[in-house]
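Given next are the chains, with one letter for each unit.
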Amino acid sequence: MLRLPNTSNILHGLALALFLIPALSPTQTAPPQPQDPDLQVEHFQLDALAASLSCMPTGPNRDYFAGILANRTGHFEESIRLLNSALPAIRTSHPHRAAIALKTLADNYAETFRYADAARSLDDLIAHFPHQLRSVDLQGSKDDAGVFRILGNAPPQTIAWSGPTRLPTRRNEIDSIVTELTVNGVRQDWLLDTGANLSVVSRSFARRLGITPLPGHAQTMAGATGIENPLQVAILPLLKVGGATLRNVVLLVLNDANLRIAVPGRAYQIQAILGYPALRAMGSITFRHDGFFEAGIPVSASGSSTRMDLWYLTPVIQCGVEGQILPFSFDTGADGTMLSMRYKQRFHEEEATWKQAESNAGGAGGNIKRKIFLQPTLSLQVGSASVVLHNVPILSTPTSSYLDELYGNLGQDFVGGYESFTLDFSKMTFSLGPLLPAK
């Protein structure tokens, strides 16, 4: 389901929630791997799933699992072929797999800008497999199908290069990374947000840009609060980001109030967010601590790197935690890391060492208070690098959002001690630059 902006101090990743394994270092070991490939899919254990595929007989079931693996590793066309091959047989024999296949097909089509096909896949899911979905997922699928139906005849996004991109960045009042872009003659700060599944503008800024929303209205759910928010959809014909020229960029148009965040003494109005589809199109993107965003520039290999995968328009990186390799989403729009209920369940024997606290998670349309735990120290291994975080929030209950499926969401605190970090969507790797000098 489309994740709308979260705005709490702990997790304000401006994420639009459409929907909801690296080689081990010598000091890391994988957690016990279930032999059931359905559980390997559920727990995002992609290496184990690949091993299961190697001894699985050909046929619809193998095509299903291979199609899921292809999607998670960014091979969308291959995933489309495999899942469409598997679906006729598994609709009756394995309805749970059929539901996941249709949801994954919708993601494949969204990733490749085939919006009408994405809508049809979700409509099929809703019509024939509603009982395979939680109520929140069913509503989210209905919301997403509404967005994709509006986009049904929209042209695909494209990118062309006239040279590399190197743009100055700064931190805004809510501590998000922004860069100034001139679009349709209008200069404005745009948040650079890997956690935003689509790009976003406020309604007043859309008017300043001179863009007219497409016919039709939709709604989507705020990731932190579960509140439904109305929206419209527009196509931005041309967007220049340094040396990259993107065409036909999808924009969700939200009411200004849903992008307004309270800061001391006033309210901060978010006007524009550059989301995942535009950032992924640029291939390898680097955020530098000295205040620059780079794309289209070769990046030297780093020992502090790990494999990156995808989960429904969201980058997922694998980190070592106490010798186990676990998947976390990564959101440049979030100031802090938040661990999920799944993390709590995995490490429940350590609960006595955690502190109890309360969070006030805000998002589009409202706020919600939750009881949480705080883990005093968390060490995350990324290749040869060890990232140590302190007082990390752990959710004590499910959120009915994408956070329930992974082990948490990594924010700016995760990368704050390094000179740079890079998401390479062509090589599907995440890497950290050198450590910053100690203060």
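Residues numbered from 1 in each chain as written. Predicted model: local features only at pLDDT ≥ 70, side-chain atom pairs only at ≥ 80, totals over all residues. Heavy atoms only, no water.

### Focus on the overall build of the chain
- Across its full length, the chain carries 11 helices and 24 strands.
- Taking all 439 residues of the chain together, the buried fraction comes to 61%.
- Summing over all exposed atoms, the chain offers an accessible surface of approximately 16,800 Å²; the carbon and sulfur share of this is 54%. (Helix = DSSP H or I, 4+ residues; strand = E, 2+ residues; numbered from the N terminus. Buried < 20%, exposed > 50% of the residue type's maximum accessible area, 1.4 Å probe, protein only. Areas by Shrake-Rupley, 256 points an atom, 1.4 Å probe, with all protein chains shown as cover.)

### Quick notes on empty space enclosed by the protein
- Of the volumes computed, that of the largest cavity is approximately 120 Å³.
- Forming the boundary of the largest cavity are 17 residues, of which Ala110, Phe113, Tyr115, Leu198 and Pro277 lie nearest the centre.
- Contributions of two or more residues to the lining of the largest cavity are made by α5 (95-111), β9 (244-254) and α9 (276-281).
- Tallying contributions element by element places α9 first for the lining of the largest cavity, with 4 residues.
- Classifying every residue of the lining of the largest cavity gives 12 nonpolar, 3 polar and 2 charged. (1 Å grid on protein atoms, 1.4 Å probe; cavity = no way out; pocket = protein on both sides within 12 Å on 5 of 7 lines; lining within 4 Å. Points joined across faces, edges and corners; volume = space filled by probe spheres on them. Nonpolar A, V, L, I, M, F, W, Y, C, P; charged D, E, K, R; others polar.)

### Comments concerning the packing of aromatic side chains
- The full count for this structure, using the stated rule, is 16 aromatic pairs.
- Where Phe328 meets Tyr407, the ring centres are 6.5 Å apart and the plane angle is 55 degrees; that geometry is what we call tilted. Highlighted residues: Phe328 in strand β17 (residues 324-330) and Tyr407 in the loop between β21 (385-395) and β22 (408-410), separated in sequence by 79 residues.
- Accessibility expressed as a relative area gives 2% for Tyr407, which makes it buried.
- In textbook terms, an aromatic cluster arises when at least three aromatic residues are bridged by ring pairs, as seen for Phe287, Phe293, Phe330, Phe414, Phe421 and Phe430. (Phe/Tyr/Trp six-rings, centres within 6.5 Å; stacked < 30°, edge-to-face > 60°.)

### Here's the deal with α5
- Between the first and last C-alpha of α5 there are 24 Å, a value that for 17 residues agrees with the 24 Å anticipated at 1.5 Å per step.
- For α5, the tally of buried residues reaches 15 of 17 residues, placing the bulk of the element in the interior.
- Positive phi appears at Phe113, one or two residues downstream of α5, with a value of about 65 degrees. (Expected span 1.5 Å × (residues − 1).)

### A closer look at the pattern of salt bridges
- Per the stated rule, a full pass over the model turns up 21 salt bridges.
- In this structure, Arg134 and Glu405 form a salt bridge, with 3.8 Å as the shortest nitrogen-oxygen distance. Linking Arg134 in the loop between α6 (115-128) and α7 (135-150) with Glu405 in the loop between β21 and β22, this pair joins segments that are 271 residues apart in sequence.
- Given a relative accessible area of 24%, Glu405 falls into the partly exposed group.
- Close ionic contact of Asp290 with Arg288 constitutes a salt bridge, the shortest N to O distance being 3.4 Å.
- Residue Asp290 is classed as partly exposed on the basis of its relative accessible area, which comes to 49%. (Salt bridge = Lys/Arg side-chain N within 4 Å of Asp/Glu carboxyl O.)

### A few points about the environment of His43
- For His43, the location among the structural elements is in the loop between α1 (37-42) and α2 (46-54).
- On the basis of relative accessibility, which here comes to 22%, the residue His43 falls in the partly exposed class.
- With 364 residues separating them along the chain, His43 and Tyr407 place their C-alpha atoms 9.4 Å apart.

### As for the pairing of strand β23 (residues 420-424)
- Counting buried residues along β23, 5 of its 5 residues qualify, which places the element largely inside the surrounding structure.
- Relative to β23, strand β13 (residues 284-288) runs antiparallel, the two being bridged by 5 bridges. From the neighbouring strand, Thr286 faces β23, where its bridge partner is Thr422.
- Two strands pair when backbone bridges link them, and β23 and strand β24 (residues 429-432) are joined in this way by 4 bridges, in the antiparallel orientation. Looking at β24, one finds that Leu423 is bridged to Phe430.
- What sits between the antiparallel neighbours β23 and β24 is a turn of 4 residues, in which Met428 has the positive phi angle 55 degrees. (Pairing = 2+ DSSP bridges.)

### Regarding α7
- For α7, which comprises 16 residues, the first-to-last C-alpha distance of 23 Å matches the rise-based estimate of 22 Å (1.5 Å per residue) to within 8%.
- When you tally the buried positions in α7, you get 12 out of 16 residues, the bulk of the element.
- Burial in α7 covers these residues: Val136, Asp137, Leu138, Gly140, Ser141, Asp143, Asp144, Ala145, Gly146, Val147, Phe148 and Ile150.

### Section: the environment of Val233
- Among the secondary structure elements, Val233 is positioned in strand β8 (residues 228-241).
- Sequence separation between Val233 and Leu254 is 21 residues; the distance between their C-alpha atoms is 8.8 Å.
- Dropping the residues within four chain positions of it, Val233 is found in contact with Val147, Ile150, Leu151, Pro213, Leu214, Val250, Leu251 and Leu252. (Contact = heavy atoms within 4.5 Å.)

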